[in-house]
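# Architecture at a glance
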Amino acid sequence: MNLGNLSVGLSTYLLVGAMLFCLGLYGVFAKRNIIAILMSLELMLNAVNINFVAFNRFLWNQKIDIHYILTGNVAALFVIVVAAAEIAVGLALVITIYRNRQSTNVDEFNWLKW
Amino acid sequence: MGTIVFFIFAILAIAAASGVVTSRNIVHSAFYLALSFSGVAVLYVLMNADFLAAVQLLVYTGAVSIMVVFAVMLTLRGEVSDSNPENRKWGWGAFISVLLFAVIALVVLTNSDWRVLPSAWTSGGSAEDMSLLLLSQFMIPFEAAAVLLTVALAGAVILAKGVKENQ
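Residues numbered from 1 in each chain as written. Chains lettered and ligands numbered in written order. Predicted model: local features only at pLDDT ≥ 70, side-chain atom pairs only at ≥ 80, totals over all residues.

Another aspect to go through is the overall build of chain B. In terms of helices and strands, chain B carries six helices and zero strands. Seen in sequence order, chain B has helices and strands lined up from the N terminus as α-α-α-α-α-α. Its C-alpha atoms give chain B a radius of gyration of 20 Å, clearly above 15 Å, the size a compact globule of 167 residues would have. If you line up chain B on its principal axes, its C-alpha atoms span 65 × 45 × 30 Å. In chain B, buried positions account for 25% of the 167 residues. (Helix = DSSP H or I, 4+ residues; strand = E, 2+ residues; numbered from the N terminus. Rg over C-alpha atoms; globule rule 2.2 N^0.38 Å. Buried ≥ 20, exposed ≤ 12 C-beta atoms within 10 Å, placed from the backbone.)

In C-alpha cells, the structure reads:
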C-alpha cells in the first residue's frame, strides 16, 4: 500500500480531535491533583480547536460564501485567548488555595460542603 | 508525504496526551502536555492555518506549559514520583470517556457529508487574512477578548498576591 496516495480527510482530523477530547475528559474525571485537571482541560480545549480548523479547512466553499473564509480559524483564535485567560486565573487560584490548605488534592477541597 | 507527516504527528499528539493523563509524575505530565501542543501545531500547518500554528506554539507551548510547570514547582510537596495519582473512581471516568469516544467515532464515520478530501487551498490562513477578518467582521469580539485578557491578568495578579489582612 502506498501511503503517499492516501489523502487524509476531514473525518481523520475529527477522530484525532475526538481522541484528544476523550483523553482530556478522562483526565478531568480521574485525576486528583488540581493542576493535572487544569492540564486535561487544556487538552480538551485544544481538541475543540482542531475541530474548528478542520471544519474550516474542509467544508468552506468558495462558491457559497466568499466573505467568511477564515471564520473557523478566528473561532479557534478566540478559544486560545479564553484558554490563556482561564489557565492564568486557574493557576492563580490553585496557588491561593495551596497557600491556605497546603494541598492540591481536589478531594480535600470540600469546605463549601456541609 | 503529507499523509505520513500527519500520521506521525497525530500519533505523537495522542500518545503525548495519554502520557499527560496516565503519568504518575506531574512534572512529566507537564512536559508531555507541551509535546502534545507541539504535535497539534503541526496538524494546523497541515490544515493551512499557518498563523494559528504559530499562535499555538507561542501561547500554548511557550506560555501555558511554562505557567503549568511554574505552578507545579510552587505547589509540589511529598514524593514527586507519586505526585499525580488517580482517584478511586477513575474506572468510571475511563468508561465514560471510552463511551463518548465510541459515540463520536460512530457519528463521524457514518456521516457521509464529512467524508471529504482536501480540495486545493488558494486563500491563505496567514496573519494578514486573519487580521482583515478580526478588524472588520469580528471587531466586537476582538475588543471583548482584549478586555478579557486585561481583566484576567489583573485578576490573576490579585489572586496570587493575596490581599493584606489589616487594611
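Next up on the list: the overall build of chain A. From N to C terminus, chain A includes three helices and zero strands. Listing every helix and strand of chain A by position from the N terminus yields α-α-α. Here chain A holds 114 residues, and the buried ones make up 52% of them. Counting only contacts in chain A whose residues sit at least 6 apart along the sequence, the fraction spanning at least 24 positions is 53%. (Contact = placed C-beta atoms within 7 Å.)

On to the interface of chain B and chain A, then. At the junction of the two partners, chain B supplies 75 residues and chain A supplies 59 residues. Elements that contribute at least two residues to the side of chain B that touches chain A include exactly α1 (2-22), α2 (26-46), α3 (50-75), α4 (90-110), α5 (127-134) and α6 (139-161) of chain B. Among the elements that line the side of chain B that touches chain A, the one with the most residues is α4(B), at twelve residues. Among the residues making up the side of chain B that touches chain A, the classes are represented as 56 nonpolar, 16 polar and three charged. (Nonpolar A, V, L, I, M, F, W, Y, C, P; charged D, E, K, R; others polar.)

Residue and element names in this part refer to chain B. UniProt tags residues 29-46, 58-78, 90-111 and 132-160 as "transmembrane region" (unreviewed entry). Secondary structure across residues 29-46 comprises 100% helix and 0% strand; the distance between its end C-alpha atoms is 26 Å. As annotated, residues 58-78 has a helix share of 86% and a strand share of 0%, and its two end C-alpha atoms lie 32 Å apart. (UniProt positions renumbered as here; feature names shortened; annotations may be inferred.)

Within the largest apolar cluster, 72 residues are counted, with the highest numbers of intra-cluster contacts made by Leu20(A), Ile35(A), Met39(A), Ile50(A), Val53(A) and Tyr44(B). Elements supplying a minimum of two residues to this core: α1 (10-30), α2 (34-59) and α3 (71-101) of chain A together with α1, α2, α3 and α6 of chain B. Apart from residues lying up to four places away in sequence, Met39(A) is in contact with Gly27(A), Val20(B), Ser29(B), Ala30(B), Leu33(B) and Val68(B). (Core = buried A, V, L, I, M, F, W, Y, C linked by C-beta atoms within 7 Å.)

Before going further, it helps to spend a moment on the UniProt feature "transmembrane region" (unreviewed entry) in chain A. Residues and elements named next belong to chain A. The residues that UniProt annotates with the feature "transmembrane region" (unreviewed entry) are residues 6-28, 35-55 and 75-98. In residues 35-55, the share of helix is 100% and the share of strand is 0%. The end C-alpha atoms are 31 Å apart. The span residues 75-98 carries 100% helix and 0% strand; its end-to-end C-alpha distance comes to 34 Å.

The subject of this paragraph is the packing of α2(A) against α3(B). Packing of α2(A) against α3(B) leaves a shortest axis separation of 11 Å and a crossing angle of 170 degrees. As far as their axial angle goes, α3(B) and α2(A) are roughly antiparallel. Contacts between α2(A) and α3(B) involve Ile35(A), Met39(A), Glu42(A) and Val53(A) on the former and, on the latter, Leu52(B), Val64(B), Val68(B), Ala71(B), Val72(B) and Thr75(B). When its residues are assigned to classes, the contact of α2(A) with α3(B) shows eight nonpolar, one polar and one charged. (Axes fitted to C-alpha atoms, helices over the stretch in contact; angles between N-to-C directions. Parallel < 35°, antiparallel > 145°, perpendicular 65-115°, else oblique.)

Here α3(A) spans 44 Å end to end across 31 residues, near enough to the 45 Å set by a 1.5 Å rise per residue. Positive phi shows up at Gln102(A), right after α3(A), with a value of about 55 degrees. (Expected span 1.5 Å × (residues − 1).)

Relative to the 38 Å expected for 26 residues at 1.5 Å per residue, α2(A) spans 38 Å between its end C-alpha atoms, a close match to the ideal helical length. Counting buried positions over the 26 residues of α2(A) gives 21, a clear majority of the element.

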